[in-house]
Amino acid sequence: MTGSRLRHAPAAAYLVAVLVFIYLPVVILVLFSFQDGILPVPPFQGPSLQWYAKMFSNSRLLDALGNSIAVAVLSSLAATVLGFLAAYGLARHRMRLGGAARFFLMAPIMVSYLIIGMGLLITFNLAGIGKSLVAVGLGHTIINLPLCFAILFSQFGEHHRRIDSAAHDLGASDLQTMIRVTAPMMRPTLFAAFCLSATLSWDEFIIAFLLSRFDVTLPVIIFEMLRAGLTPEVNAAGTMVFAISMSTVLIAASVMLFRRGGK
Amino acid sequence: MAELAKTRHQLGGFPLTRWAVYPALLFTLVFFVAPLAAMLVVSFWQRIEGHLQATWTLANYDKFFTRSYLLDTLFNSIEVTVLTTVVSIVIAYPLAYILAYRVPLRWQKVLLILAVLPFWTAYVVRSYSWLLVLSDNGVLNNVLIGAGLIDAPLKLAYTRAATVLGFVHFFVMLLTLTIYANLVQINPSYRSAAADLGASAMQIFLRVTLPLSIPGVVVGAFLTFVITIGDYITPQILGGSTEILVPQAIMLQVSRAANFPMASVMSMTLMVVVVAVYLLSSRYLKMDRL
């Protein structure tokens, strides 16, 4: 018993060391958001909520918060709907070019966000379309579409096809089947895909930076605040960003895992 | 009645499900393929007196590949990216291995989620957090001075090492996930068969486990490579201004000079590098077999 514990000690030590490495910056970020002083560096004084108070009176930051939520929700909704339709179409029919279509839909995942953003910036420029949050939303939809499609496509199985044809035999039209039967069956997966897209959009910086002008999103504002140097206000904003994406991911993960368990 | 339903299904049903895939295809065409094509075209244009001229010239490519201050950004990017990928694998592999083989099953999922949770969160904020750790008056220098190991703060932030550290932090999580997923899929009977035949623990690892886990390493390494080489924020926040990477050079062309042709040349070059890496690793990626 003691022997096996000793044998496992290096493994346990390594595990702990890497976890410390992973969580160190997060802990420091959160800790110094409660700093009672003007610099988010040691020694720690506090705790104080003054930087959260300052953050919630920063109107540019609050506007950006609203913009981020709007862009994340709308672009994820668009990506989820487009991804669902594509996954449904490709899963139900053996199309001649099905493999090619899947590859085509997945292609954006292989290209850097920066390059996608640059391409959109050039295209919108040539087309005479100005920078705006709508442009950012379109950019976020294209980066999230492959993810939504992949998640949803992987969940379509043979039993969906059978239930689908059962609905048809009972006289349901295609539209009715999709809206009343398939979509409700896929609800947990649709929700998870939506949540993951929303966190990616919520975090995304470079496309938002390239395609927005006056109305910006939260990562862009935080980046701008960094130019003024280290301040606990950025820690507070960062902690908020972090907490919101963490909860969204956890909700999505638990919905997916719960579903797996139920099967 | 059944006949009628069937006919109606065929007539009314076909169009919708058949066409369901097209909105996504069209969207990808308009907002992904067309922009890349536009960028390719613009990379052959010129910017003359502040205006884009629709010419066909290789001058921008020529300039990028002959001026060392531009080309060096590419070498810097490749060096940082390769270093990041290698270090991330070296740290992540043992972690994934320990999770898969040394941790009791009921703890595996919890520890895995714990190990990869911050991956999903706050890209800009994460780089900034490392600044808090690495800056002159930051946590690490404070600890080292407090312990009496150094007298004056080390210059840790705003260096290439800081950039690599920021990246490695991010990608250790991703690689742990892909390698773990691969390791748990390996049939345990292979390992016990090798052991029964007298292989030592080291031999089992080198001849059985490691070769079978290569796909998981390659998938994670590919994603690491693609994201690292195209990332602007990590080197911009952590790397300082003495040496810049291609994404920073692209942003300089856009923001300072509005030089879209040169920015396009650099973006296309990055694309070519990524496609080359994709082709090298495509055996393991199976993008179309999802």
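Everything numeric here is computed off the predicted structure, so don't read it as measured data.

Conventions and cut-offs
Residues numbered from 1 in each chain as written. Chains lettered and ligands numbered in written order. Predicted model: local features only at pLDDT ≥ 70, side-chain atom pairs only at ≥ 80, totals over all residues. Helix = DSSP H or I, 4+ residues; strand = E, 2+ residues; numbered from the N terminus. Rg over C-alpha atoms; globule rule 2.2 N^0.38 Å. Buried ≥ 20, exposed ≤ 12 C-beta atoms within 10 Å, placed from the backbone. Contact = placed C-beta atoms within 7 Å. Nonpolar A, V, L, I, M, F, W, Y, C, P; charged D, E, K, R; others polar. Core = buried A, V, L, I, M, F, W, Y, C linked by C-beta atoms within 7 Å. Expected span 1.5 Å × (residues − 1). Axes fitted to C-alpha atoms, helices over the stretch in contact; angles between N-to-C directions. Left-handed = near helix turned anticlockwise from the far one by under 90°. Parallel < 35°, antiparallel > 145°, perpendicular 65-115°, else oblique. pLDDT = per-residue confidence, 0-100.

Caption draft 1: A look at the overall build of chain B. Across its full length, chain B carries 13 helices and two strands. What you see for chain B is a C-alpha radius of gyration of 25 Å, clearly larger than the 19 Å of a compact globule of 290 residues, by over 25%. Overall, the C-alpha framework of chain B stretches about 90 × 75 × 35 Å when taken along its three principal axes. Relative to its 290 residues, chain B shows a buried fraction of 41%. Within chain B, contacts between residues at least 6 apart in sequence are counted, and of these 72% link residues at least 24 apart.

Caption draft 2: Expanded view of the overall build of chain A. Per the secondary structure count, chain A includes 12 helices and zero strands. Going from the N terminus to the C terminus, chain A shows its helices and strands as α-α-α-α-α-α-α-α-α-α-α-α. Computed over the C-alpha atoms, the radius of gyration of chain A is 23 Å, more than 25% above the 18 Å expected from 2.2 N^0.38 for a compact globule of 263 residues. Along the three orthogonal principal directions, the C-alpha set of chain A runs to about 70 × 70 × 30 Å. Considering chain A as a whole, with its 263 residues, one finds that 49% of them fall into the buried category. The contacts of chain A with a sequence gap of at least 6 include a subset with a gap of at least 24, amounting to 75%.

Caption draft 3: Summary view of the interface of chain B and chain A. Taken residue by residue, the interface counts 70 residues in chain B and 77 residues in chain A. Broken down by element, the side of chain B that touches chain A gets its largest block of residues, 13 residues, from helix 2 (residues 22-42) of chain B. The residue makeup of the side of chain B that touches chain A, split by class, is 51 nonpolar, 15 polar and four charged.

Caption draft 4: Focus on the nonpolar core. Residues and elements named next belong to chain A. Among the nonpolar cores identified, the biggest contains 157 residues, and Ala-86 and Ala-87 are the most heavily contacted of them. Residue contributions to this core peak at 15 residues, all from helix 3 (residues 59-92). Apart from residues no more than four positions distant in its own chain, Ala-87 is found in contact with Phe-149, Leu-152, Phe-153 and Phe-156.

Caption draft 5: Main features of helix 6 (residues 123-134) of chain B. Residues and elements named next belong to chain B. Here helix 6 is 12 residues long and its end C-alpha atoms lie 17 Å apart, about the 16 Å a rise of 1.5 Å per residue gives. Within helix 6, 12 of the 12 residues are buried, leaving the element largely enclosed by the surrounding structure. What helix 6 keeps buried is the set Tyr-123, Val-124, Val-125, Arg-126, Ser-127, Tyr-128, Ser-129, Trp-130, Leu-131, Leu-132, Val-133 and Leu-134.

Caption draft 6: Expanded view of the environment of B:Ala162. Residue and element names in this part refer to chain B. Structurally, the position occupied by Ala-162 is in helix 8 (residues 160-183). Each C-alpha atom of the pair Ala-162 and Gly-239 lies 6.2 Å from the other, and the pair is 77 residues apart in sequence. In this structure Ala-162 touches Trp-130, Leu-134, Leu-156, Ala-157, Leu-238 and Gly-239, once residues within four positions along its chain are discounted.

Caption draft 7: Molecular detail of helix 13 (residues 260-285) of chain B. Taking 1.5 Å per residue as the helical rise, helix 13 of chain B with its 26 residues ought to reach 38 Å, whereas the 33 Å between its terminal C-alpha atoms falls clearly short. Taken together, the buried positions of helix 13 of chain B are occupied by B:Phe260, B:Pro261, B:Met262, B:Ala263, B:Ser264, B:Val265, B:Met266, B:Ser267, B:Met268, B:Thr269 and B:Leu270.

Caption draft 8: Representation of the packing of helix 5 (residues 113-126) of chain A against helix 13 of chain B. In the contact formed by helix 5 of chain A and helix 13 of chain B, the axes pass within 10 Å of each other and the chain directions differ by 145°. By crossing handedness, the relation of helix 5 of chain A to helix 13 of chain B is classed as left-handed. Contacts between helix 5 of chain A and helix 13 of chain B involve A:Ile115, A:Met118 and A:Ile122 from the former and B:Phe260, B:Ala263, B:Ser264, B:Ser267, B:Leu270 and B:Met271 from the latter.

Caption draft 9: Expanded view of the packing of helix 5 (residues 105-116) of chain B against helix 8 of chain B. All names here are of chain B. Where helix 5 meets helix 8, the axes come as close as 8 Å, and the angle between the chain directions of the two elements is 150°. As summarised for this structure, helix 5 and helix 8 are arranged roughly antiparallel, according to the angle between their axes. Each of Leu-112, Ala-115 and Val-116 in helix 5 lies in contact with helix 8, whose residues at this interface are Met-173, Thr-176, Leu-177 and Tyr-180. For the contact of helix 5 with helix 8, the per-class residue count stands at six nonpolar, one polar and no charged.

Caption draft 10: Quick peek at the environment of A:Leu114. Along the chain, the position of A:Leu114 falls in helix 5. The exposure class assigned to A:Leu114 is buried, which follows from the 26 C-beta atoms found within 10 Å. When near neighbours in sequence (up to four residues on either side) are disregarded, A:Leu114 contacts A:Ile206, B:Gly230, B:Tyr232, B:Pro247 and B:Ile250.

Caption draft 11: Representation of unusual backbone geometry in the model. All names here are of chain B. The backbone of Tyr-158 sits at a positive phi, close to 60°, despite the residue not being glycine. When you line up the elements, Tyr-158 lands in the loop between helix 7 (139-146) and helix 8. Owing to 18 C-beta atoms within 10 Å, Tyr-158 belongs among the partly exposed residues under this scheme.

Caption draft 12: Local environment of the confidence of the model for chain A. Across chain A, pLDDT averages 87, with 95% of residues at or above 70. Per-element mean pLDDT across chain A ranges from 78 in helix 7 (residues 158-169) of chain A up to 96 in helix 10 (residues 206-211) of chain A.

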